[in-house]
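# Examining the three-dimensional arrangement
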Amino acid sequence: VMVSAGCALRVPKHWRWQAAVFAAIALCTILLANETVRERMLLGFYEFQAYDRRADFSSIGARLYFWSTAWGGIQQAPWFGHGTGSYRAVIGQAFNDVSMCNIGCMHPHQQYLMFWLEFGVAGLLLFLGVLASIAAHHMCHPRFHPLALPVLVVFCLSGFVDTPLWYLGFLYLFVPLLGLLAAQLPHDPRESLRTLQLRHPAASNV
């Protein structure tokens, strides 16, 4: 996803979509050539087919169960939600399996459903607005950092299948990437001043 987004953003605008499609096809071809990736994809397909709307400990089945349970909680308070930190209390009542609750009562493995359940439509729209404003800023300032928008794309897409703001495993992805984003920031105060003056000439008068 990052490579495809990076290709789309670094090529001229009139080639942007073609570059993204070409990169996605090339990456899919490379991944599908890997036996382990093919096995995982087939396993996910079988788990999806085998899901019977009950508690399921498979990766895909468990997510489908968490999402349907979260949707039931959302329908109880769709507009303003149940409140901050309410997910476990609301969902815990719907789980009839203690072992499954130990996995799914912390977060639903879906960022947007969790915001919707806790903060309602108002909170979800606010969250989406924040993401959109970040994307708009980087689209208007593409030279800020070449990794900024690709990282944001990864974050937004991963939110559909997991809860990156709650799941600690995402630290292994986002902390090194944030380090890369910060690595290009100037550390010399004089260099910082020169950069500021180049970007904002009016600052030279300060």
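Let me begin by describing the structure that accompanies this report.

Rules used throughout
Residues numbered from 1 in each chain as written. Predicted model: local features only at pLDDT ≥ 70, side-chain atom pairs only at ≥ 80, totals over all residues. Heavy atoms only, no water. Helix = DSSP H or I, 4+ residues; strand = E, 2+ residues; numbered from the N terminus. Buried < 20%, exposed > 50% of the residue type's maximum accessible area, 1.4 Å probe, protein only. Contact = heavy atoms within 4.5 Å. Areas by Shrake-Rupley, 256 points an atom, 1.4 Å probe, with all protein chains shown as cover. Patch = residues over 30% accessible without salt bridge, like charges linked within 9 Å, V, L, I, M, F, W, Y side chains within 5 Å. Salt bridge = Lys/Arg side-chain N within 4 Å of Asp/Glu carboxyl O. Core = buried A, V, L, I, M, F, W, Y, C linked by side-chain atoms within 4.5 Å. Expected span 1.5 Å × (residues − 1). Bend = angle between axes of the 7 residues up to and from the residue. Polar contact = N/O pair within 3.5 Å; in protein donor to acceptor, adjacent residues only side chain to side chain. Phe/Tyr/Trp six-rings, centres within 6.5 Å; stacked < 30°, edge-to-face > 60°. Axes fitted to C-alpha atoms, helices over the stretch in contact; angles between N-to-C directions. Parallel < 35°, antiparallel > 145°, perpendicular 65-115°, else oblique. Left-handed = near helix turned anticlockwise from the far one by under 90°.

## Section: the overall build of the protein chain
A count of helical and extended segments in the protein chain gives 10 helices and 0 strands. In sequence order, the secondary structure elements of the protein chain are arranged as α-α-α-α-α-α-α-α-α-α. For the protein chain, the residues scored as buried account for 33% of the 206 residues in total. Looking at the protein chain alone, contacts between residues at least 24 apart form 59% of all its contacts between residues at least 6 apart. Entry remark: accessible area of the protein chain is about 13,700 Å², with carbon and sulfur atoms responsible for 68%.

## What about a nonpolar patch on the surface?
A cluster of nonpolar side chains, namely Val-1, Val-153, Leu-157, Phe-160 and Val-161, defines an oily patch on the protein surface of about 420 Å² accessible area. Its place among the elements puts Val-161 in the loop between helix 8 (148–158) and helix 9 (171–183).

## Points about the nonpolar core
Formed by 17 residues in total, the largest nonpolar core has its most connected members in Tyr-65, Phe-66, Tyr-87, Ile-91, Phe-95 and Leu-117. Secondary structure elements with two or more residues in this core: helix 4 (59–76), helix 5 (87–92), helix 6 (98–104) and helix 7 (111–140). It is helix 4 that provides the largest number of residues to this core, a total of 6 residues. Residues contacting Phe-95, with those up to four places away along its chain left out, are Tyr-65, Phe-66, Thr-69, Met-100, Cys-101, Gly-104 and Cys-105. Membership of the second largest hydrophobic core comes to 12 residues, among which are Phe-115, Leu-149, Leu-152 and Leu-177.

## What to know about unusual backbone geometry
As a rule of thumb, non-glycine residues mostly have phi less than zero, and peptide bonds are mostly trans rather than cis. Residue His-109 is not a glycine yet carries a positive backbone phi of 60°. Of note, His-109 is situated in the loop between helix 6 and helix 7. His-109 sits in the buried class, given a relative accessible area of 13%.

## With respect to helix 7
For helix 7, with 30 residues, the first-to-last C-alpha span of 26 Å runs short of the 44 Å given by 1.5 Å per residue. The axis of helix 7 is deflected most strongly, by about 130°, at Phe-119. By the N-cap criterion, in which a side-chain oxygen at the helix start approaches the backbone nitrogen of a residue two or three places on, helix 7 is capped by Gln-110, the distance to Tyr-112 being 3.0 Å.

## Comments concerning the environment of Val-121
Positionally, Val-121 belongs in helix 7. With 43 residues separating them along the chain, Val-121 and Pro-78 place their C-alpha atoms 6.3 Å apart. The residues touching Val-121, leaving out its near neighbours within four places in the chain, are Pro-78, Trp-79 and Trp-116.

## Some words on the pattern of salt bridges
Tallying each qualifying case throughout the model produces 1 salt bridge. Residues Arg-63 and Asp-162 are paired through a salt bridge, measuring 3.1 Å at the closest nitrogen-oxygen approach. Within this pair, whereas Arg-63 is found in helix 4, its partner Asp-162 is found in the loop between helix 8 and helix 9, the two being separated by 99 residues in sequence. For the pair shown, Arg-63 and Asp-162 are each scored as buried.

## Regarding the packing of aromatic side chains
Applying the stated criterion across every chain, the model contains 10 aromatic pairs. With a centroid separation of 5.8 Å and 20° between ring planes, the pair formed by Phe-170 and Phe-174 is classed as stacked. Given a relative accessible area of 14%, Phe-170 falls into the buried group. By the ring-pair criterion, three or more aromatic residues cluster together here, those being Tyr-112, Phe-115, Phe-119, Phe-127, Phe-160 and Trp-166.

## Points about the packing of helix 1 (residues 2–10) against helix 8
Between helix 1 and helix 8, the shortest axis-to-axis distance is 9 Å and the interhelical angle comes to 140°. Judged by the inter-axis angle, helix 1 sits oblique to helix 8. As for the relative orientation of helix 1 and helix 8, their crossing is right-handed in sense. Across from Met-2, Ala-5, Gly-6 and Leu-9 in helix 1, the residues of helix 8 making contact are Leu-149, Pro-150, Val-151, Val-153 and Val-154.

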